[in-house]
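A closer look at the structure
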Amino acid sequence: MHRYLSLIFLIFSFSIFGSQAIGHAPIGVMADHAHEKGESMLSIRASYMKMRGNISEGNNISDSEILTFENPHSNSPANLSVVPIEMSMKMLMIGGMYAPSDEITLMLMTMFMDKSMNLNTFHGMSRNHLGSFNTSSEDLSDISFSTLINITENKKSRWHAEIGLRKSLGSNSKKAKMLTPMNTTMTMLLPYGMQSGDKSTSLVFAFTNAYSLSDIHLFGNQLRFIQNISSKDWHFGNKIYWDSWYQYSFNRVFSFSSRLRFTHQEQISGSNILITAPVQTSITSNYGGFTGDLGIGFNFLTSIFSGSEDRLAVEIVKPIHYEKNGLQMKDEVQLIFGFQKSF
Ligand SMILES: [Cu+2]
């Protein structure tokens, strides 16, 4: 009898934030939830992102127009002569969470990144198309350690803060063979965006709120800052994200999400004088800007491994607004898959 009573108590004690598909945010949101005392969690996220074509000040731009841009590194060639065609980024994020108390959850996360870019080369003088080539880099990208602090939690709403440190571990000096505007092959330092890291250290600050309108409708918001505190010669710009999401619960084990993400990032700070390929990505002002993305996703609870239920999630993210600085590649789509397990 006692066993049945405690089982009934357990079922009714699941708030909307408990063991439900809707209890975690869309998978593209980081550090969206805390844990109860003694609980730990393992998470794996795999993401694929593709960019294709180029935009200048928010408008599509053709290769021939890009070839009229000045090459700031040298006057031979006087203009940009290498043009990105497409780029893909594969990311693997492995994270662990552990709550030493109900108020504090610790989080450790590492990221592996694999970048690949196809480019066209044009002759420095005649501007004839000479051919295309590929560059790639893959490495452990960064590691971060955060503390999540519960601020308030009741049946309808919960707030938590995150404070963390992120260290970039990936190489910032990878080289690759490129086809030059003189129609020769040369090994050069990869442009900033193709490096696996910038060797910098950043502070991470975030505030997250989840608000359940009813048992089946949930709104979430997160504001997240990534602020550089130390770097070598150069570092990627400070970043602010604002995520705002709505989730609908079909049932306990299956939920839908839609998410808006606004990102603001500063230009690259500092430079490496050896990054001089006549391509837009070698220019530090062609980084950062303001973008808006829309994500659609699903969360599932299922039993693959023994123990607590396994969480699976998927999200597809498409850009809806670009105000990228200068001349940059155009985002096409990002796919994110996630697996999470609590112990
Ligand atoms: Cu967790």
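Everything numeric here is computed off the predicted structure, so don't read it as measured data.

Counting its secondary structure elements, the protein chain contains two helices and 17 strands. Along the first, second and third principal axes, the C-alpha set of the protein chain runs to 85 × 35 × 30 Å. Here the protein chain holds 343 residues, and 37% of them are scored as buried. Across the protein chain, every contact between residues at least 6 apart in sequence was considered, and the portion connecting residues at least 24 apart equals 68%.

The next point concerns the environment of Tyr 48. With respect to the helices and strands, Tyr 48 occurs in strand β1 (residues 40-56). Residues Tyr 48 and Met 329, 281 residues apart in the sequence, show an inter-C-alpha distance of 16 Å.

Where β1 meets strand β3 (residues 82-98), 13 bridges bridge the pair, whose relative direction is antiparallel. Across the sheet, the residue bridging to Tyr 48 is Lys 90, located in β3. Between β3 and the antiparallel strand that follows it, strand β4 (residues 104-122), lie five residues.

Right, let's talk about the nonpolar core for a bit. Judged by nonpolar contacts, the single largest core of 17 residues is most densely connected at Val 29, Ala 31, Met 107, Met 109, Met 111 and Leu 148. Mapped by element, the contributors of at least two residues to this core are β3, β4 and β9 (201-212). In terms of residues, this core owes the most to one element, β4, which gives four residues. Setting aside anything within four residues of it in sequence, one finds Leu 148 in contact with Ala 31, Ala 34, Thr 105, Met 107, His 160 and Glu 162.

Below, the discussion takes up the pairing of strand β13 (residues 254-265). Across 12 bridges, strand β12 (residues 239-251) lies against β13 in antiparallel orientation. In the sheet register, Trp 245 faces β13, and the bridge partner there is Arg 259. Between β12 and the antiparallel strand that follows it, β13, lie two residues. Pairing between β13 and strand β15 (residues 289-302): 12 bridges, direction antiparallel. Residue pairing in the sheet places Arg 259 in a bridge with Gly 295 of β15.

The subject of this paragraph is unusual backbone geometry. The residue Ala 31 is not glycine, and still its phi comes out positive at about 50°. Along the chain, Ala 31 turns up in the loop between α1 (2-12) and β1. Its 24 C-beta neighbours within 10 Å are what place Ala 31 among the buried residues. Here Asn 183, not a glycine, exhibits a phi torsion of approximately 65°, which is positive.

The pLDDT averaged across the protein chain works out to 92; a share of 95% of its residues lies at or above 70. Low pLDDT, under 50, characterises residues 4-16; the stretch is placed with eight contacts to residues that sit more than four places away or in other chains.

Position of His 123 among the secondary structure elements: in the loop between β4 and β5 (129-153). Here the alpha-carbon distance between His 123 and His 160, two residues 37 residues apart in the chain, equals 55 Å.

Inspection of the secondary structure puts His 321 in strand β16 (residues 310-324). We classify His 321 as exposed; it has 12 C-beta atoms within 10 Å. For the pair His 321 and Lys 156, spaced 165 residues apart in the sequence, the C-alpha separation amounts to 32 Å. With residues up to four places along the chain from it excluded, the contact list for His 321 reads Thr 291 and Gly 292.

What counts, and at which threshold
Residue indices follow the written sequence of each chain, beginning from 1 at its first position. Since the coordinates come from a predicted model, pLDDT governs what is reported: local features require at least 70, and pairs of side-chain atoms require 80 or more to be given and counted, while whole-chain, interface and lining totals use all residues. Counting from the N terminus, the helices are DSSP H or I runs at least four residues long and the strands are E runs at least two residues long. Three classes are used. A residue is buried when 20 or more other C-beta atoms lie within 10 Å of its own, exposed when 12 or fewer do, and partly exposed in between, with C-beta atoms placed from the backbone. Contact between residues is assigned whenever the C-beta positions, reconstructed from backbone atoms, fall within 7 Å. Only when DSSP finds a minimum of two bridges between them are two strands counted as paired. Defined on buried residues, the nonpolar core groups Ala, Val, Leu, Ile, Met, Phe, Trp, Tyr and Cys residues joined through C-beta atoms within 7 Å. Residue-level confidence of the predictor is what pLDDT reports, using numbers from 0 through 100.

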